[in-house]
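# Structural description and commentary
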Amino acid sequence: MTESFPRLHARTRRFTLGVPRNFTISPDGGRVIFLRTRSGTDPVTCLWELDVASGAERLVVDPLALGAADEDLPPEERARRERSRESAGGVVAYATDREVRRAVFALSGDLYLADLASGEARRLPAAGPVIDPRIDPTGARVAYVTGGALHVLDVGTGADTSLAEPENDLITYGLAEFIAAEEMDRMRGYWWSPSGDRLLVARVDESPVALWHIADPANPDRQPVQQRYPAAGTANAEVTLHVIGLEGARTAVPFEQEYLVTAAWDGHGLAIVTLSRDQRTMRLLSADPDTGETTLLREDTDPAWVDIVPGVPARLSDGTLVWVADSDGGHRLVVGDKPVTPPSLQVRAVLDVDGDTVLFSASGEPTEIHLWTYTAGTLSPVTTEPGVHSGRRAGGVTLVARQSLDTEGMTVTVGASAVRSLAERPGLEPRVSLVRAGERELSTAVLLPSWHVPGSGPLPVLMDPYGGPHAQRVLSARRMFLESQWWAEQGFAVIVADGRGTPGRGPAFEREMLHDFTMSLQDQVDALQGVAALHPGDLDLSRVAIRGWSFGGYLSALAVLRRPDVFHAAVAGAPVTDWRLYDTCYTERYLGHPDEGHYERSSLLGDAEKLERPLLLIHGLADDNVVAAHTLRLSSALLAAGRPHTVLPLSGVTHMTPQEVVAENLLLLQLDFLKKSLNITG
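Here's what I pulled together on the structure shown here. All of these numbers come straight from a predicted model, not from anything done at the bench. (Residues numbered from 1 in each chain as written. Predicted model: local features only at pLDDT ≥ 70, side-chain atom pairs only at ≥ 80, totals over all residues. Heavy atoms only, no water.)

Summed over all chains, the structure comprises two cavities of 30 Å³ or more. If you add up the space inside the largest cavity, you get close to 80 Å³. Lining the largest cavity, in full, are Glu177, Phe178, Ile179, Glu206, Val209, Arg228, Pro230, Asn236, Ala237, Val239, Glu258 and Tyr259. Taken together, Pro366, Ser443, Gln472, Asp498, Thr502, Pro503 and Arg505 make up the full set of residues lining the second largest cavity. In terms of residue class, the lining of the second largest cavity is built from two nonpolar, three polar and two charged. (1 Å grid on protein atoms, 1.4 Å probe; cavity = no way out; pocket = protein on both sides within 12 Å on 5 of 7 lines; lining within 4 Å. Points joined across faces, edges and corners; volume = space filled by probe spheres on them. Nonpolar A, V, L, I, M, F, W, Y, C, P; charged D, E, K, R; others polar.)

In the structure shown here, the tally under the stated rule is 49 salt bridges. A salt bridge links Arg198 to Asp290, with the shortest nitrogen-to-oxygen separation between them at 2.9 Å. Highlighted residues: Arg198 in strand 16 (residues 198-205) and Asp290 in the loop between strand 23 (281-287) and strand 24 (294-301), separated in sequence by 92 residues. A salt bridge links Asp354 to Arg393, with the nearest nitrogen and oxygen atoms 3.4 Å apart. Of this pair, Asp354 sits in strand 29 (residues 346-354) while Arg393 sits in strand 33 (residues 388-394), and the two are 39 residues apart along the sequence. For the pair Asp354 and Arg393, one class covers both residues: buried. (Salt bridge = Lys/Arg side-chain N within 4 Å of Asp/Glu carboxyl O. Helix = DSSP H or I, 4+ residues; strand = E, 2+ residues; numbered from the N terminus. Buried < 20%, exposed > 50% of the residue type's maximum accessible area, 1.4 Å probe, protein only.)

Within the largest apolar cluster, 92 residues are counted, with the highest numbers of intra-cluster contacts made by Trp323, Leu333, Phe517, Phe567, Trp579 and Leu615. The leading source of residues in this core is helix 7 (residues 551-562), at eight residues. Every residue in contact with Trp323, bar those within four places of it in the chain, is listed here: Val273, Met282, Leu284, Arg298, Asp300, Val312, Pro313, Arg332, Leu333 and Val334. By size, the runner-up hydrophobic cluster in this structure holds 31 residues, among which are Trp487, Val496, Leu667 and Phe673. (Core = buried A, V, L, I, M, F, W, Y, C linked by side-chain atoms within 4.5 Å. Contact = heavy atoms within 4.5 Å.)

Read from one edge to the other, the open sheet built from four strands follows the order 29-30-31-32, with strand pairing classed as antiparallel. If you trace the sheet from one side to the other, it starts and ends with strand 29 and strand 32 (378-381), each paired once. When the angles between neighbouring strand axes are averaged without regard to direction, this sheet yields 25°. Here strand 29 runs beside strand 30 (residues 357-363); their pairing, made up of seven bridges, is antiparallel. Bridge assignment links Asp352 to a residue of strand 30, and that residue is Leu359. (Pairing = 2+ DSSP bridges. Axes fitted to C-alpha atoms, helices over the stretch in contact; angles between N-to-C directions.)

This paragraph deals with unusual backbone geometry. The omega torsion across Val312 and Pro313 is 10°, close enough to zero to call that bond cis. Tracing the chain through its elements places Pro313 in the loop between strand 24 and strand 25 (314-315).

Turning to its location among the elements, Ala140 is positioned in the loop between strand 10 (131-135) and strand 11 (141-146). With a relative accessible area of 30%, Ala140 lands in the partly exposed category. Spatially, the C-alpha atom of Ala140 lies 9.6 Å from that of Arg102, the residues being 38 residues apart in sequence. Each residue touching Ala140, except ones within four places of it in the same chain, is listed here: Leu153, Asp154, Val155 and Gly156.

Checked against the element boundaries, Thr12 lands in the loop between helix 1 (5-11) and strand 1 (21-25). In this structure Thr12 comes out as buried when scored by relative accessible area, which is 0%. There is a polar contact of 3.4 Å between the side chain of Thr12 and the backbone oxygen of His9. (Polar contact = N/O pair within 3.5 Å; in protein donor to acceptor, adjacent residues only side chain to side chain.)

What follows covers the packing of aromatic side chains. Inspection of the entire model under this criterion finds 23 aromatic pairs. Considering the side-chain rings of Trp579 and Tyr586, the 6.2 Å spacing of their centres and the 15° angle between planes classify their relative orientation as stacked. As far as burial versus exposure is concerned, Trp579 and Tyr586 are alike and both buried. Here a set of aromatic residues connected by ring pairs shows up, and it is made of Trp305, Tyr466, Phe517, Phe551, Tyr554, Trp579, Tyr582, Tyr586 and Tyr590. A cation over an aromatic ring shows up here: Arg36 above the ring of Trp48, its NZ or CZ 4.3 Å from the ring centre. Cation over ring: Arg505 sits above Phe509, and NZ or CZ is 4.3 Å from the ring centre. (Phe/Tyr/Trp six-rings, centres within 6.5 Å; stacked < 30°, edge-to-face > 60°. Lys NZ or Arg CZ within 6 Å of the ring centre and 35° of its normal.)

This part covers the packing of helix 6 (residues 519-534) against helix 7. It is at 10 Å that the axes of helix 6 and helix 7 come closest, and there the two elements cross at 75°. Relative to helix 7, helix 6 is oriented roughly perpendicular. Contacts from Ser520, Leu521 and Gln524 of helix 6 reach helix 7 at Phe551, Leu555, Leu558, Ala559 and Arg562. Among the residues making up the contact of helix 6 with helix 7, the classes are represented as five nonpolar, two polar and one charged. (Parallel < 35°, antiparallel > 145°, perpendicular 65-115°, else oblique.)

Shown next as structure tokens:
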């Protein structure tokens, strides 16, 4: 290996470059369109096509050949990429017509149309910098957003029409608001009708949302970036829906609840999903596009919260509803009004509906995710080998993407053909033991140095969690543990544990975190003690460190503040320190409204005087998700309490750290800090 792991880890964007993604299968099942960079270190994403019968791949769009090597992105597109955690460049998103004959995409704010048969890509004359272009199902027109306005361009004539112009600078048409993109995985704000003659469009008014400023202290000559940020307990953006015809006629589609979760418009009609502010009630509504009148199709309630599940609503060929709901202790697939999966199988997402066949992902064992189909009353497993699987289905053809602990990288198969992965080899092999630790039998991964002989002597311990709800670290996929194994090779016994609130074990386990984030700390302690019992003599419990980012950063700081008897040093990256400063949808889902009184227990600021262990706080000053005020306020409280600590500000860095040098040196600086803090020599 010619490069160090930290450098390669940074150059490859955590080994995601070169991995195929964003698959679309043609209706006849004969072709697969996908995105992939040319190599594992190339950050420019290209559009490709696979012929399923022959297995031949064809490069359809190379941004460099189009002269788009240097990206000049409009601010709205930069924000979209931050919300989706997109670290690559080039063609990072595309949309096709119904027959998958044409694809549209944006490059450096320009609009492009690709003929997938000929491979010809041409620039279309857009009215301004392009955001989220989508071609209509017939392939005749392209919609896009520019300057907050929704435009439609006729592919044949080049005629461009503005269908909805913002009334002022705080209004947009056709874009997802911050909360939808960051917390509900809704990255779009408009939907074409099946016939391509009109669109359902979200109008977003941000005027009620508090105005924040993201300053750049390293460049005091620059104006602070203004951002409308809906902090917990404050106003959200106002979102309304309108059906807009190509001639500009507008019909309002009213809904009562606070959040627009998603919409779907197919041959069976128009449907929208909404969610109440307290997230305890979700409604599925059908809408008449001619009148805007809505009809309640189903309402789901939960005393804690109702989960947003990707891929629903969907329909079988006869219009039968496909949904996911909690029933008898499980996340279950519902077809019509009947649950069709057992409560023990936790449904993760509906991936596709191909005629009368539903392809979905689900977990029996929480560390694995498998593919299943449901057809005419029959459940069938698509994957059975251990691992983490995702997929797509169309034209009777199923694409399977698999990661596992026994294979390197990702394998993608479509029938007898395969889509190549060009990802770099990491140069180290994770030695992962998946165990159930503690009295709650928490899913836990244990990684030891490759050179360590069990029982030969105790190793300092590094807890490496995320630890928060709705996210899972312990999965049967090798890529999940590459960075953890690097830490192990530096001389640590590394423990990664998923506590209460994490998915894969059912609604009751997830909802235990209601109103109290601090229980995640107790789960880390339980996992540590459980692993120590399983590995007698291998863990030095007098030298235990913890590191994490985002919620993991919060958990790391919480650990040294409240359990210094267990944790002896911490690295907290981009930590949430005061939950009143985090956004409405995420925070209120778990802690409720601030007026309900559940925030103080989970805040870190009141614990500043308790710090007696080394703590390194890291924060990107350009972070617009967990703003730098979180770290600065905790640092101020620690200073006021006379508690020594270290702060590492990252100029120009957001919640992600895609910059190669920054990402590489962050690992090395954390290693140096923890070695000194735990008195590790050699």
